[in-house]
Amino acid sequence: MQILDKYGYLESALDYIEKQIISGKGLQKIAKKTGVSEDLLKNLSLALKGFSQKQFFAALQEEIESRHSSVSGADVEIVTADISIETPKKSVFILLDLIFHIVIDGEKEDKIEMEIKIFSKNNIQII
């Protein structure tokens, strides 16, 4: 199985996380835009230090393979990747909503929707 991001949707979302949140450069702007406390965003930024896209893709691929037996020998194409900042109670996390198509021999066979909650570099929940 191979995850294909032909249009760069997931790559753009992960770049946003790295350049705006992890680096801390965009926290004030994000706080203003989302209404999330800048202190909560700083805590999220610190928790994400050392975040690895490579590990993220490996975990994502493993989860897709475990949930969908039809993906062996198939390609998984990313159709959409939406990112948001969520603040349940007094915590904060990044929510990635992903939609994939499973493609076998050039034909779309199935659609997969996943929510990924990123609390820290070591706490990523794929739902």
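Going by the structure above, here's the rest.
A few points on the structure.

Procedures and definitions
- Residues numbered from 1 in each chain as written.
- Predicted model: local features only at pLDDT ≥ 70, side-chain atom pairs only at ≥ 80, totals over all residues.
- Heavy atoms only, no water.
- Phe/Tyr/Trp six-rings, centres within 6.5 Å; stacked < 30°, edge-to-face > 60°.
- Salt bridge = Lys/Arg side-chain N within 4 Å of Asp/Glu carboxyl O.
- Helix = DSSP H or I, 4+ residues; strand = E, 2+ residues; numbered from the N terminus.
- Buried < 20%, exposed > 50% of the residue type's maximum accessible area, 1.4 Å probe, protein only.

### Quick word on the packing of aromatic side chains
Part 1 of the reasoning: Under the defined criterion, the tally for this structure stands at 4 aromatic pairs.
Part 2 of the reasoning: Summarising the aromatic geometry, the rings of Tyr-7 and Tyr-9 are spaced 5.8 Å apart at their centres and angled 40 degrees between planes, so their arrangement reads as tilted.
Part 3 of the reasoning: Every member of this aromatic cluster is reached through a ring pair, and the members are Phe-51, Phe-56 and Phe-57.

### Digging into the pattern of salt bridges
Part 1 of the reasoning: Evaluation of the coordinates by the stated rule reveals 3 salt bridges.
Part 2 of the reasoning: We note a salt bridge from Glu-63 to Arg-67, for which the minimum N-O separation is 2.7 Å. Taken together, the residues span about one helical turn, with Glu-63 and Arg-67 both in helix α4 (residues 53-67) at a distance of 4 residues.
Part 3 of the reasoning: Look at Arg-67 and you get partly exposed, because its relative accessible area is 34%.
Part 4 of the reasoning: With a closest N to O distance of 3.8 Å, Lys-111 and Glu-113 form a salt bridge.
Part 5 of the reasoning: You can call Glu-113 exposed: its relative accessible area is 55%.

### Quick look at unusual backbone geometry
Part 1 of the reasoning: Positive phi, normally seen in glycine, also occurs at Lys-89, with a value near 55 degrees.
Part 2 of the reasoning: One can find Lys-89 in the loop between β2 (75-86) and β3 (93-104).
Part 3 of the reasoning: According to the relative accessible area criterion, Lys-89 is exposed, its value standing at 83%.
Part 4 of the reasoning: Although it is not a glycine, Asp-105 adopts a positive phi angle of roughly 50 degrees.
Part 5 of the reasoning: Within the fold, Asp-105 resides in the loop between β3 and β4 (107-120).
Part 6 of the reasoning: Take Asp-105: its relative accessible area is 77%, and that puts it in the exposed class.

Remember that the coordinates give geometry; whether it matters functionally is a separate question.
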